[in-house]
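Each chain is listed here by its residues.
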Amino acid sequence: MIGRWSEQDFLTRFQIYKRYVETGAPKVDPARFSPMPWLGLSQLAPEDLRAVYAYLKSRPAVRNFVKR
């Protein structure tokens, strides 16, 4: 999911989704759908998101092809 993202990239993505909770999310093209629960996780405190990022980065990368 996060590949080469920095911690700041990760946090910024959740900040964007946090605004959607207040204003409503835009329509998403099915080809760009993500199973990541961005809206729900955007409500976490920044320190919790940093912990999620640290955990995900500690895991070995899984290489798999995702057919769209």
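Everything discussed here concerns the structure shown above.
A. The arrangement of the packing of aromatic side chains in detail. With the rule as written, the count across this model stands at 5 aromatic pairs. Between Tyr 17 and Trp 38, the ring centres sit 5.4 Å apart and the planes meet at 20 degrees, which makes this aromatic pair stacked. Linking Tyr 17 in helix α1 (residues 7-23) with Trp 38 in helix α2 (residues 38-41), this pair joins segments that are 21 residues apart in sequence. Ring pairing ties together the aromatic residues Trp 5, Phe 10, Phe 14, Tyr 17, Trp 38 and Tyr 53, which thus form one cluster.

B. Structural view of the pattern of salt bridges. By the definition in use, this model includes 1 salt bridge. For Glu 7, the salt bridge identified is with Arg 50, shortest N-O distance 3.5 Å. Of this pair, Glu 7 sits in helix α1 while Arg 50 sits in helix α3 (residues 46-58), and the two are 43 residues apart along the sequence. By relative accessible area, which is 36% here, Arg 50 ends up partly exposed.

What counts as what
- Residues numbered from 1 in each chain as written.
- Predicted model: local features only at pLDDT ≥ 70, side-chain atom pairs only at ≥ 80, totals over all residues.
- Heavy atoms only, no water.
- Phe/Tyr/Trp six-rings, centres within 6.5 Å; stacked < 30°, edge-to-face > 60°.
- Helix = DSSP H or I, 4+ residues; strand = E, 2+ residues; numbered from the N terminus.
- Salt bridge = Lys/Arg side-chain N within 4 Å of Asp/Glu carboxyl O.
- Buried < 20%, exposed > 50% of the residue type's maximum accessible area, 1.4 Å probe, protein only.

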